[in-house]
Amino acid sequence: MTLITAAKETRNYPTSEQFSFTPVKRNQVEVIVKNMVPKKVPGINKIPIRIFKDCLQAISYPLTSIINTLLLTACFPNVWKIAKVKSISKEGDHEIANNNRSISLLPILSKVCERVAHNQLMEYLTSKGRLSTKQSGNKEEHSTKTSVIQTTDIYMILSAIDKKHLTAVVLLDMSKAFDGIHHNLLLVKLVDVGASPLALQWFHSYLTARSQVVTIGTASSEGLHLACGVYWDHSSLAFI
């Protein structure tokens with residue numbers, strides 16, 4: 001199914017009801033930077049978060065201007081799309097691939113821009129009731145506990161058990177689910193929840209033309225183009 005064909009099957013919203021990015025304020029950007037974990041590992045440019053925190057007063061105005069320009073012109077810089085992949089050893093022989101967990105590190109500034117976009121998108125989805133009420137992942141005031149409560153109460157599992165009815169639960173664990181997300185299908189879903197054409201262009205720019213390099217010690221591989229998957233730390237995209 002093509003993007004155009006699938007988009008015809010999505011819900012239509014009047015322009016006034018569609019999601020569009022709005023200019024972020026300087027103090028909002030400052031709060032985002034201040035709240036970032038100090039020990040957050042930098043991306044391929046090797047600039048640590050403490051540098052941005054230490055000179056925040058000097059850079060917050062131009063940084064806010066840059067982010068607003070990117071959001072309102074539907075552009076995400078290619079230099080912010082290059083991920084540095086590092087391997088973290090788990091239990092067992094680290095020479096075996098499955099005993100290692102890979103993490104993707106992106107430039108700090110890309111994370112700041114992501115957080116701005118995330119905050120605005122989630123505020124819209126929540127206020128319009130566009131997220132599933134059965135979703136607990138990556139939602140404020142939700143966790144695995146609320147998921148269990150919903151599973152047992154909403155679907156009356158406990159009530160069925162009390163009545164001696166046959167009760168079963170099927171749990172699915174998708175391996176590397178975020179890595180396999182199809183970009184076109186995700187964009188179609190964004191249209192379905194109300195993204196405006198300009199906002200959709202920004203998300204398209206954000207998702208496409210991504211690449212990654214693998215680093216081991218001081219050695220780095222050549223860049224590899226990524227055709228699917230998302231790196232979004234806050235993962236609201238993956239749960240739409």
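Look up: the structure comes first, before these words.
Peer 1: Requested: an account of the state of the cysteines, with residues and values cited.
Peer 2: For the structure on display, the rule yields zero disulfides. You can see Cys75 has no disulfide; the closest cysteine sulfur is in Cys113, sitting 9.5 Å from it. On the accessibility criterion, Cys75 (33% relative accessible area) is partly exposed. Look at Cys113 and you get buried, because its relative accessible area is 0%.

Peer 1: Tell me what's going on with the packing of helix H8 (residues 183-192) against helix H9 (residues 197-207), and back it up with residues and numbers.
Peer 2: Put simply, H8 and H9 touch, their axes get as near as 10 Å, and they point 160° apart. As far as their axial angle goes, H9 and H8 are roughly antiparallel. H8 and H9 meet at a crossing whose hand is right-handed. Contacts from His183, Leu186, Leu187, Leu190 and Val191 in H8 reach Leu200, Phe203, His204 and Leu207 in H9. Looking at the contact of H8 with H9, its residues break down into seven nonpolar, two polar and no charged.

Peer 1: Tell me about H9, residues and numbers included.
Peer 2: Every buried residue of H9 is listed here: Ala199, Leu200, Trp202, Phe203, Ser205, Tyr206 and Leu207. Positive phi shows up at Ala209, right after H9, with a value of about 60°.

Peer 1: Residue-level account of the pattern of salt bridges, with values.
Peer 2: Applying the stated rule across the entire model yields five salt bridges. Of the charged contacts in the structure, one is a salt bridge between Glu17 and Lys128, with a shortest N-O distance of 3.0 Å. One end of the pair, Glu17, is in the loop between helix H1 (3-7) and helix H2 (26-34); the other, Lys128, is in the loop between helix H5 (108-127) and helix H6 (144-154), with 111 residues separating them in the sequence. Looking at Glu17, the relative accessible area reads 29%, which means it is partly exposed. Of the charged contacts in the structure, one is a salt bridge between Asp192 and Lys189, with a shortest N-O distance of 4.0 Å. With Asp192 and Lys189 both in helix H8 and three residues apart, this pair spans about one turn of that helix. Owing to a relative accessible area of 13%, Asp192 belongs among the buried residues under this scheme. Classification of Lys189 as partly exposed rests on a relative accessible area of 33%. Taken together, the shared-partner salt bridges in this structure form one network comprising Arg11, Lys189 and Asp192.

Peer 1: Provide a residue-level description of the packing of helix H4 (residues 56-72) against H5, including the pertinent values.
Peer 2: Geometry of a packed helix pair, given as the angle between the helix axes and the separation of the axes. One way to put it is that H4 packs onto H5 with a least axis distance of 11 Å and a crossing angle of 60°. Comparing their axes, H5 and H4 come out oblique. Two packed elements cross with a definite hand, and for H4 against H5 that hand is right-handed. Contacts from Leu63, Ile67, Leu70 and Leu71 in H4 reach Leu109, Val112, Cys113, Val116 and Ala117 in H5.

Peer 1: Tell me about the environment of Ile82, residues and numbers included.
Peer 2: For Ile82, the location among the structural elements is in strand E1 (residues 82-89). Under the relative-accessibility criterion, Ile82 is labelled partly exposed at 26%. Once the C-alpha coordinates of Ile82 and Val213 are considered, the two residues, 131 residues apart in sequence, prove to be 7.5 Å apart. In this view, Ile82 contacts Ile44, Leu105, Leu106, Pro107 and Ser211; residues no more than four positions away in its chain are not counted.

Peer 1: Describe the packing of aromatic side chains, and please don't skip the residues or the numbers.
Peer 2: Inspection of the entire model under this criterion finds nine aromatic pairs. Plain terms: the ring middles of Trp202 and Tyr206 are 5.5 Å apart, the flat faces sit at 15° to each other, and that makes the pair stacked. One end of the pair is Trp202 and the other is Tyr206, both in helix H9 and four residues apart, which spans about a single turn. Across the pair, exposure class does not vary: Trp202 and Tyr206 are buried alike. Within the aromatic cluster, the residues linked to one another by ring pairs are Phe19, Phe21, Phe76, Trp80, Tyr124, Trp202, Phe203 and Tyr206. Over the ring of Tyr206 we find Arg210, and its NZ or CZ is 4.3 Å from the ring centre.

Peer 1: Please give an account of the nonpolar core that cites residues and values.
Peer 2: Buried together is how nonpolar side chains tend to be arranged in soluble globular proteins. Phe21, Val33, Ile67, Val112, Trp202 and Phe203 are the most contacted members of the largest nonpolar core, which totals 40 residues. Elements that contribute at least two residues to this core include exactly H2, helix H3 (49-54), H4, H5, H8 and H9. With nine residues, the top contributor of residues to this core is H5.

Rules and cut-offs
- Residues numbered from 1 in each chain as written.
- Predicted model: local features only at pLDDT ≥ 70, side-chain atom pairs only at ≥ 80, totals over all residues.
- Heavy atoms only, no water.
- Disulfide = S-S within 2.5 Å.
- Buried < 20%, exposed > 50% of the residue type's maximum accessible area, 1.4 Å probe, protein only.
- Axes fitted to C-alpha atoms, helices over the stretch in contact; angles between N-to-C directions.
- Helix = DSSP H or I, 4+ residues; strand = E, 2+ residues; numbered from the N terminus.
- Parallel < 35°, antiparallel > 145°, perpendicular 65-115°, else oblique.
- Left-handed = near helix turned anticlockwise from the far one by under 90°.
- Contact = heavy atoms within 4.5 Å.
- Nonpolar A, V, L, I, M, F, W, Y, C, P; charged D, E, K, R; others polar.
- Salt bridge = Lys/Arg side-chain N within 4 Å of Asp/Glu carboxyl O.
- Phe/Tyr/Trp six-rings, centres within 6.5 Å; stacked < 30°, edge-to-face > 60°.
- Lys NZ or Arg CZ within 6 Å of the ring centre and 35° of its normal.
- Core = buried A, V, L, I, M, F, W, Y, C linked by side-chain atoms within 4.5 Å.

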